[in-house]
Amino acid sequence: MTALWCEWAWLGGGVATAGVLVTLGADGRIASVAAGAPPGDAERLRGLTIPGLANAHSHAFQRALRGRAQGPGSFWSWREQMYALAETIDPDGYRALARATFGEMALAGVTVVGEFHYLHHGPGGVPYSDPNELGRAVLGAAAEAGIRIVLLDACYLEGGSARFRDASAAAWAERATALDLTAGAAIHSVRAVAPDAMRVVATWATLRVAPLHAHVSEQPAENAFADERYGRTPTSMLADAGALGANFTAIHATHATGADIAMLGAAEAHVCLCPTTERDLADGIGPARALAGAGARLALGSDSHAVIDLLEEARAVELDERLASGERGRHATADLLHAATAGGYASLGLHAGGRISPGALADLTTITLDSVRMAGTPPLEGAVFCAGVADVRDVMVGGRWVVRDGTHVSIDVAAELRTVLAP
Ligand SMILES: [Zn+2]
């Protein structure tokens, strides 16, 4: 049995605990946790060990836009650049890009990714001979990078690129069902999926007790579209389609109305905020405090991968609200870290992940306290408010090391990113 002795560990409360002995079973789960235990023969992990970080909202291919789309414009002009990028992708290139992107996530302490997958078909919308070729490429990429993946197969029927679109909701369901590793479903947005089709996707997810994600109210224009065409908000449309519930995650909810917030809270739905993307795309600041107060459960994602840093996402939830509200301490530090860990796992249907306790998935991330950024800081506040991804030293997924001393065990991530993104 593997034994790890954590100099500090976060066990879910408001402070870090010193000297925590964690033993791992052969099943890839945590067998025991003992605070204040001597290290004995256990491997010593210096720094703060937290549950692995959950990146609950990703579009892996958008990593290729990083640093290439900073010109003037809006969300809508950025979207045109994203559509153009999507036209250039082939299965081999997609797999290589996703593998390197997931490798970057591992180095950032991410142990599970929710891949919101909507690039399904070949050029012109012609299906590949295996209609799930691109989905399988993404699944293979995550396996090679050593992180867990929950593929959220997105229904996309109107607008966008032909490469995103299935012929109908029934065609989406047939394809998603054929992808036997599919663990979840997604409704791309109210712009892309009409109410009748939403209901098909929601039913598909409900029957499988699978996570269901949807982009919700990222931009004011999305609310205006829903109001003009359907006389409702995106959230109320999803509620009417039977989508809202404990397996549902609203992505963004930046422009959710007061009634929307109440509905999401009453449903105990998850809301995945993606603050670094929302600021990059000039979306706005989401009502995180109000959502949490209403009963919604927060998760975090790096979405477009303008940066991949879940601790930055966590602190941004608080810091952006400080800018908007003029108040500090709107979210407890432990709540921010919960959103970055257990909140994301739960949003992805992995209820055994995101905590350091017996029976939990043995997914762990250790952050050094010795770097110039972290030296002298209290471990928990330091990790959430000061740590950078370079402070992530060791990452374990299911009891297996993926990152050791800041280096991926099997992938030269920077070299692969340079190769795959070479002009
Ligand atoms: Zn997204």
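Once a new chain begins, its residue numbering starts again from 1 and follows that chain's sequence as written. Residue-level local features of this predicted model are given only where pLDDT is at least 70; pairs of side-chain atoms are given and counted only at 80 or more, and the full residue set underlies all totals for whole chains, interfaces and linings. With hydrogens and water excluded, all non-hydrogen atoms of the structure serve as input to the side-chain values.

J.: What am I meant to see in the sheet that holds strand 2 (residues 17–24) here?
T.: Strands in a sheet are paired, the pairing made by backbone hydrogen bonds, and the direction either parallel or antiparallel. Strand pairing is assigned whenever DSSP detects at least two bridges linking the two strands. Runs of H or I in DSSP of at least four residues are treated as helices and runs of E of at least two as strands, each being numbered from the N terminus. Strand order in the open sheet made by the eight strands is 3-2-1-4-13-14-15-16, with mixed pairing throughout. This sheet does not close on itself; its edge strands, each paired only once, are strand 3 (30–35) and strand 16 (407–408). Sheet topology places strand 1 (residues 2–9) next to strand 4 (residues 43–51); five bridges connect them, and they run parallel. Bridge pairing in strand 4 links W8 to L48.

J.: How should I be thinking about the packing of aromatic side chains in this particular structure?
T.: Describing an aromatic ring pair means giving the distance of the ring centres and the angle of the ring planes. Only Phe, Tyr and Trp rings take part, Trp by its six-membered ring, and two of them pair if their centres are within 6.5 Å. Stacked means planes under 30 degrees apart, edge-to-face means over 60, and tilted covers everything else. Under the criterion given, the structure shown has 10 aromatic pairs. Ring geometry for F75 versus W76: centroids 4.7 Å apart, planes at 80°, classification edge-to-face. Exposure is judged per residue with a 1.4 Å probe applied to protein chains only, and the accessible area is read against the type maximum: over 50% gives exposed, under 20% gives buried, and values in between give partly exposed. Judged by its relative accessible area of 6%, F75 falls in the buried class. Among the aromatic side chains, those forming a connected cluster through ring pairs are F61, Y83, Y94, Y118, Y156 and F164. Charge over a ring is defined by NZ of Lys or CZ of Arg lying within 6 Å of the ring centre and within 35 degrees of the ring normal. Across from the ring centre of W5, 5.7 Å away, lies the NZ or CZ of R44, which sits over that ring. Lying across the ring of W401, R404 places its NZ or CZ 3.7 Å from the centre.

J.: Quick question: what am I supposed to make of the coordination of the zinc ion here?
T.: Six octahedral donors around a metal ideally sit at 90 or 180 degrees from one another, while four tetrahedral donors ideally sit at 109.5 degrees. The protein atoms that coordinate the zinc ion are H57 (NE2), H59 (NE2), H215 (NE2) and D303 (OD), at distances spanning 2.1 to 2.6 Å. For the zinc ion, the four donor atoms in the first shell make angles of 86 to 172° at the metal, a pattern classed as irregular. Of note, the zinc ion draws all its donor residues from one chain, in the sequence arrangement H-x1-H-x155-H-x87-D. In this pair, H215 sits in strand 9 (residues 212–216) while D303 sits in the loop between strand 12 (297–300) and helix 11 (310–325), placing the two residues 88 residues apart along the sequence. With relative accessibility at 6%, the residue H215 sits in the buried group. Listed donors are limited to N, O and S atoms within 2.8 Å of the metal, widened to 3.2 Å for Na, K and Ca; water is not among them, so incomplete-looking sites are possible. Geometry is assigned from the angles between donors: four donors with all angles from 85 to 135 degrees make a tetrahedral site, four or six donors whose opposite pairs exceed 155 degrees while the rest stay between 65 and 115 make square planar or octahedral sites respectively, and everything else is labelled irregular.

J.: Would you explain helix 6 (residues 220–230) in this entry?
T.: An α-helix turns once per 3.6 residues; consequently, residues spaced three or four apart project the same way. Listing the buried residues of helix 6 in full gives E222, N223 and A226. Considered in projection along helix 6, the buried side chains sweep an arc of 100° and stay on one side of the axis. Throughout, a contact is declared for two residues whenever any of their heavy atoms are within 4.5 Å. Residues of helix 6 that are buried make contact with strand 9 and helix 7 (234–240). Phi for G231, located one or two positions after helix 6, is positive at around 70°. Throughout, the arc means the angular range of directions from the helix axis out to the C-beta atoms.

J.: Where do I start with the pattern of salt bridges in this structure?
T.: The term salt bridge refers to a side-chain nitrogen of Lys or Arg lying within 4 Å of a carboxyl oxygen of Asp or Glu. Taken as a whole, this structure holds 22 salt bridges when the rule is applied. A salt bridge links R148 to D363, with the nearest nitrogen and oxygen atoms 2.7 Å apart. Highlighted residues: R148 in strand 7 (residues 148–155) and D363 in the loop between helix 13 (342–347) and strand 13 (364–367), separated in sequence by 215 residues. The class for D363 is buried, based on a relative accessible area of 2%. A salt bridge links R373 to D391; the shortest N-O distance between them is 2.7 Å. Note that R373 is positioned in the loop between strand 13 and helix 14 (379–385) and D391 in the loop between helix 14 and strand 14 (392–397), a separation of 18 residues in sequence.

J.: Looking at this structure, I do not really get the nonpolar core. What am I missing?
T.: One broad rule of soluble globular proteins: the nonpolar side chains tend to lie buried together. As used in this record, nonpolar core signifies buried Ala, Val, Leu, Ile, Met, Phe, Trp, Tyr and Cys residues forming a set joined through side-chain atoms within 4.5 Å. Core analysis: the largest hydrophobic core is formed by 123 residues, its most contacted members being F61, F102, L212, L238, F248 and V271. Ranked by the residues each element gives to this core, the list is headed by helix 2 (residues 91–107), at seven residues. In this structure L238 touches I187, M198, A214, V216, A243, L244 and F248, once residues within four positions along its chain are discounted. With 13 residues, the next largest nonpolar core counts C6, A9, V22 and A360 among its residues.

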